[in-house]
Amino acid sequence: MNYHHYILTKKISVSSQQHIILVGGCFDILHFGHIEFLKKAKELGDILVVALEPDERIMQSKKRVPIHTQEERAHNLLALRSVDHVIGLPLLEGFNDYLELVKNINPHIIAITDGDPQTSNKQKQADAINAQIIVVIDRIEPFSSSMIIQNKHSKPIQ
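Here the structure is a predicted model, which is why all the values come from computation and not from measurement. (Residues numbered from 1 in each chain as written. Predicted model: local features only at pLDDT ≥ 70, side-chain atom pairs only at ≥ 80, totals over all residues. Heavy atoms only, no water.)

Asks: Please provide a residue-by-residue account of the overall build of the protein, values included.
Replies: The secondary structure content of the protein amounts to 6 helices and 6 strands. If you list the helices and strands of the protein from N to C, you get β-β-α-β-α-α-β-α-β-α-β-α. If you take every contact in the protein between residues at least 6 apart in sequence, the share linking residues at least 24 apart comes to 72%. Accessible surface computed for the protein: about 8800 Å², of which carbon and sulfur atoms make up 51%. (Helix = DSSP H or I, 4+ residues; strand = E, 2+ residues; numbered from the N terminus. Contact = heavy atoms within 4.5 Å. Areas by Shrake-Rupley, 256 points an atom, 1.4 Å probe, with all protein chains shown as cover.)

Asks: Lay out the environment of Ile 129 with the relevant residues and their values.
Replies: In this fold, Ile 129 is placed in the loop between α5 (119–128) and β6 (132–137). For the pair Ile 129 and Lys 103, spaced 26 residues apart in sequence, the C-alpha separation works out to 6.6 Å. When residues no more than four places from it in sequence are discounted, the contact partners of Ile 129 are Val 102, Lys 103, Asn 106 and Pro 107.

Asks: Outline helix α4 (residues 94–105), listing residues and values.
Replies: Here α4 is 12 residues long and its end C-alpha atoms lie 17 Å apart, about the 16 Å a rise of 1.5 Å per residue gives. Among all positions of α4, only Asp 97, Tyr 98, Leu 99, Leu 101, Val 102, Asn 104 and Ile 105 are buried. Elements in contact with the buried residues of α4: β2 (20–25), β3 (47–52), α2 (55–62), β4 (85–88), β5 (109–113) and α5. With its phi angle positive at about 55 degrees, Asn 106 sits one or two positions after the end of α4. (Expected span 1.5 Å × (residues − 1). Buried < 20%, exposed > 50% of the residue type's maximum accessible area, 1.4 Å probe, protein only.)

Asks: Could you give an account of the environment of Ile 20, naming the residues involved and the relevant values?
Replies: In this fold, Ile 20 is placed in strand β2. Judged by its relative accessible area of 3%, Ile 20 is buried. Between the C-alpha atom of Ile 20 and that of Gly 45, which follows or precedes it by 25 residues, the distance is 6.1 Å.

Asks: For the packing of α4 against α5, give the residues involved together with the corresponding values.
Replies: As a packed pair, α4 and α5 sit with axes 10 Å apart at the nearest point and diverge in direction by 45 degrees. What the angle tells us is that α4 and α5 run oblique. Between α4 and α5 lies a crossing whose hand is right-handed. Between α4, through Phe 95, Tyr 98, Leu 99 and Val 102, and α5, the contact on the second element is made entirely by Asn 121, Lys 124, Gln 125 and Ala 128. Split by residue class, the contact of α4 with α5 holds 5 nonpolar, 2 polar and 1 charged. (Axes fitted to C-alpha atoms, helices over the stretch in contact; angles between N-to-C directions. Parallel < 35°, antiparallel > 145°, perpendicular 65-115°, else oblique. Left-handed = near helix turned anticlockwise from the far one by under 90°. Nonpolar A, V, L, I, M, F, W, Y, C, P; charged D, E, K, R; others polar.)

Asks: Tell me what's going on with the pairing of β6, and back it up with residues and numbers.
Replies: Judged from the 5 bridges that link them, β5 and β6 form a sheet pairing that is parallel. Its bridge partner being in β6, Ile 110 is matched across the sheet by Ile 133. Read as a crossover between parallel neighbours, the route from β5 over α5 to β6 is right-handed. (Pairing = 2+ DSSP bridges. Right-handed = clockwise from strand over helix to strand, strands pointing away.)

Asks: So, the confidence of the model for the protein: which residues are in play, and what are the values?
Replies: Of the residues in the protein, 81% have a pLDDT of 70 or more, and the chain-wide mean is 86. At the level of individual helices and strands, the protein shows its lowest average pLDDT in helix α6 (residues 145–149), which scores 54, and its highest in β5, which scores 97. (pLDDT = per-residue confidence, 0-100.)

Asks: Any chance you could break down the side chain of Glu 36 for me, citing the residues and the numbers?
Replies: Secondary-structure assignment places Glu 36 in helix α1 (residues 32–42). A polar atom in the side chain of Glu 36 sits 3.2 Å from the side chain of Lys 39. (Polar contact = N/O pair within 3.5 Å; in protein donor to acceptor, adjacent residues only side chain to side chain.)

Asks: Provide a residue-level description of the pairing of β5, including the pertinent values.
Replies: Counting buried positions along β5 gives 5 out of 5 residues, so the element sits mostly inside the fold. Of the pairings in the sheet, the one linking β2 to β5 comprises 2 bridges and is parallel in character. Paired with Leu 22 across the bridge in β5 is Ile 110.

What follows is the structure, encoded as structure tokens:
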């Protein structure tokens, strides 16, 4: 299985002979929007690496307990043919920790969704390693983990 726990400052071994695409996120409830995003990101290169946020990040940013543990989320992601590697992140603090992660992975492209709130930071990180930021997909409404949890996405049975 291509699941690794990330240790800050430790070089991540991904083949430098291939075109590496990096994406990041929580992916707590894997849904159609996630799958389309990952599929389109993979189309940009050879190896798709997912930097997977820890459970603590979900609790901090989404103000809820994760539905799946980080390890369960990693297994779900690796079941998709578009995902080659999942890196389980510890709780990273601030821009410099994420910059170190990006330097250690050294992707050719950082793929994002349109409207990503971290676009500016990701652009700076990409610039630091001469990578590109590419928006691969618009946010697909109404698919979001929060809406699924609130059951607002379900349609009434006719």
